[in-house]
Amino acid sequence: MDATRRSGAADGGTLYLVPTPIGNPGDITLRAIEVLGRVGVVASEDTRHTRRLLQSLEIDTRLLSYHDHNEESRSQHLLGLLREGTDVALVSDAGTPLVNDPGYRLVAAAVEADVPVRPLPGATASVTALIGSGLPNHQFHYVGFLPRREAARRTALTALRSTVATLVFFEAPHRIVAMLEDVRAVLGDRPAAVARNLTKGDEEFLRGPLSELVATLGAEPVVRGQFTVVVAGAPGEPADEDEALAHRLTETLVRHGAEPHLVRDVVREVTGLPRNWVYEQVRLAVQRSGAGAAGDGGSGARGDG
């Protein structure tokens, strides 16, 4: 197949990938509502769950199940509908389809068959947790769920030990404490954030070293909730000349007593590197220098308030 081929069969249907709320019903977009009401079929992981969502939106579009156990056969059925001209929307129970959910086979088959695929932007727990974590987000590695068994989980974590990018995981409530303990044991006591029940009324962020998060959640008699875990990446060598220059500038200016906000402005102006990356480097440099009590109190290194 020509890698540059553009999807767009003239008389066929379109496959829409539609994000649904991850907690708050208001997470859904106006465009998602319009598409769900217009397509001929909505393929969903759990039709009972999706039916409740559609009923709340006063939408009565036909539903078909699409999950791990019927993904292969159902993909071919849906592809047939698309070829016949029926528009199809693929949704998961919560969040963006294909992100730790079924859908890859259908999308791959649609692309191969030159069926238009239209992904809609919308709610996703991984990015929501990342941007609220307080950890660097200029580069991140989405891991999803780690293996359930401890030995396999630690093996998977060992492969991530040298990853410089911030790491994003999902975990079930009954395994979250054991998972965090393994992350600490393999990766070290890194800064981390645990997001629980994102966008719901009881949304909560726990931030701090992994050891503190283990102690906090381990003290709960029964751990409940939906969890997304964000862990700082490994300390790494600068990836390019701009980052190397940024490190030297940051360390030099902080060492000579420059205010953190001035260091940030100078480093960004000289290197053009992303704001969040520069702010994190300045914060770490201030910590290492012991200058946190001076200047802007060490708190301004995370941002402008």
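This one's a predicted model, so the numbers in the text were calculated from it and none came from an experiment.

**Quick look at the overall build of the protein**
Alright, step 1. When helices and strands are tallied, the protein shows 11 helices and 10 strands.
Alright, step 2. Across the 305 residues of the protein, 43% fall into the buried class.
Alright, step 3. Sequence separation of at least 24 residues holds for 70% of the intrachain contacts in the protein that already meet a minimum separation of 6.
Alright, step 4. Summing over all exposed atoms, the protein offers an accessible surface of approximately 15,700 Å²; the carbon and sulfur share of this is 50%.

**Considerations on the sheet that holds strand β9 (residues 204-209)**
Alright, step 1. One open sheet holds the five strands; their spatial order is β6-β7-β10-β8-β9, and the pairing between them is mixed. Edge positions in the sheet fall to β6 (140-145) and β9, since each has one partner strand and no second. Averaged over all pairs of adjacent strands, the angle between their axes in this sheet comes to 15°, without regard to strand direction.
Alright, step 2. Judged from the five bridges that link them, β6 and strand β7 (residues 166-171) form a sheet pairing that is parallel. Each bridged residue has a counterpart across the sheet, and for His 141 the counterpart in β7 is Leu 167.

**Here's the deal with the pattern of salt bridges**
Two side chains carrying opposite charge are able to pair once their charged atoms lie near each other.
Alright, step 1. Under the defined criterion, the tally for this structure stands at 11 salt bridges.
Alright, step 2. Measuring nitrogen to oxygen at the nearest pair gives 2.8 Å for the salt bridge that ties Asp 182 to Arg 153. Here Arg 153 lies in helix α6 (residues 150-158) and Asp 182 lies in helix α7 (residues 176-187), a separation of 29 residues in the sequence.
Alright, step 3. Of the residues examined, Asp 182 reaches a relative accessible area of 3% and is grouped as buried.
Alright, step 4. The salt bridge partner of Glu 204 is Arg 196, with a shortest N-O separation of 2.9 Å.

**With respect to the sheet that holds strand β2 (residues 41-44)**
Alright, step 1. Ordered in space as β3-β2-β4-β1-β5, the five strands form an open sheet in which the pairing is parallel. Strand pairing shows two members of the sheet lacking a second neighbour, β3 (62-65) and β5 (117-119), which therefore form its edges. Recorded for the sheet is a direction-independent mean angle of 25° between the axes of neighbouring strands.
Alright, step 2. Relative to β3, β2 runs parallel, the two sharing four bridges. When the bridges of β3 are listed, Val 41 appears paired with Arg 62.
Alright, step 3. Sheet strands in contact with helix α2 (residues 47-56) are β2, β3 and β4 (88-91), and its direction is about 155° off that of β3.
Alright, step 4. Those strands touched by helix α3 (residues 71-83) are β1 (15-17), β2, β3 and β4, and its axis lies near 150° from that of β3.

**Some thoughts on the pairing of strand β10 (residues 227-231)**
Alright, step 1. Within β10, five of the five residues are buried, leaving the element largely enclosed by the surrounding structure.
Alright, step 2. Pairing between β7 and β10: five bridges, direction antiparallel. What sits directly across from Glu 171, in β10, is Phe 227.
Alright, step 3. Bridge count for strand β8 (residues 191-196) against β10 is five bridges, and the pairing is antiparallel.

**Observations concerning unusual backbone geometry**
Alright, step 1. Positive phi values are uncommon outside glycine, yet Leu 98 reaches one of about 80°.
Alright, step 2. Among the secondary structure elements, Leu 98 is positioned in the loop between β4 and α4 (104-112).
Alright, step 3. Even without being glycine, Asn 100 reaches a positive phi, approximately 65°.
Alright, step 4. Looking at Asn 100, the relative accessible area reads 37%, which means it is partly exposed.

**Quick notes on the nonpolar core**
Alright, step 1. One finds Phe 169 and Leu 180 to be the most contacted residues of the largest nonpolar core, which totals 22 residues.
Alright, step 2. Elements represented by at least two residues in this core include exactly β7, α7, β8, α8 (210-218) and β10.
Alright, step 3. It is α7 that contributes the most residues to this core, six residues altogether.
Alright, step 4. If sequence neighbours within four positions are ignored, Phe 169 has contacts with Val 143, Gly 144, Leu 146, Leu 157, Leu 160, Met 179, Phe 227, Thr 228, Val 229 and Val 231.

**Quick look at a nonpolar patch on the surface**
Alright, step 1. Taken together, the side chains of Val 127, Ile 131 and Phe 140 make up a nonpolar region of the molecular surface, amounting to roughly 270 Å² of accessible area.
Alright, step 2. Mapped onto the fold, Phe 140 is located in strand β6.

The rules behind these values
Residues numbered from 1 in each chain as written. Predicted model: local features only at pLDDT ≥ 70, side-chain atom pairs only at ≥ 80, totals over all residues. Heavy atoms only, no water. Helix = DSSP H or I, 4+ residues; strand = E, 2+ residues; numbered from the N terminus. Buried < 20%, exposed > 50% of the residue type's maximum accessible area, 1.4 Å probe, protein only. Contact = heavy atoms within 4.5 Å. Areas by Shrake-Rupley, 256 points an atom, 1.4 Å probe, with all protein chains shown as cover. Pairing = 2+ DSSP bridges. Axes fitted to C-alpha atoms, helices over the stretch in contact; angles between N-to-C directions. Salt bridge = Lys/Arg side-chain N within 4 Å of Asp/Glu carboxyl O. Core = buried A, V, L, I, M, F, W, Y, C linked by side-chain atoms within 4.5 Å. Patch = residues over 30% accessible without salt bridge, like charges linked within 9 Å, V, L, I, M, F, W, Y side chains within 5 Å.

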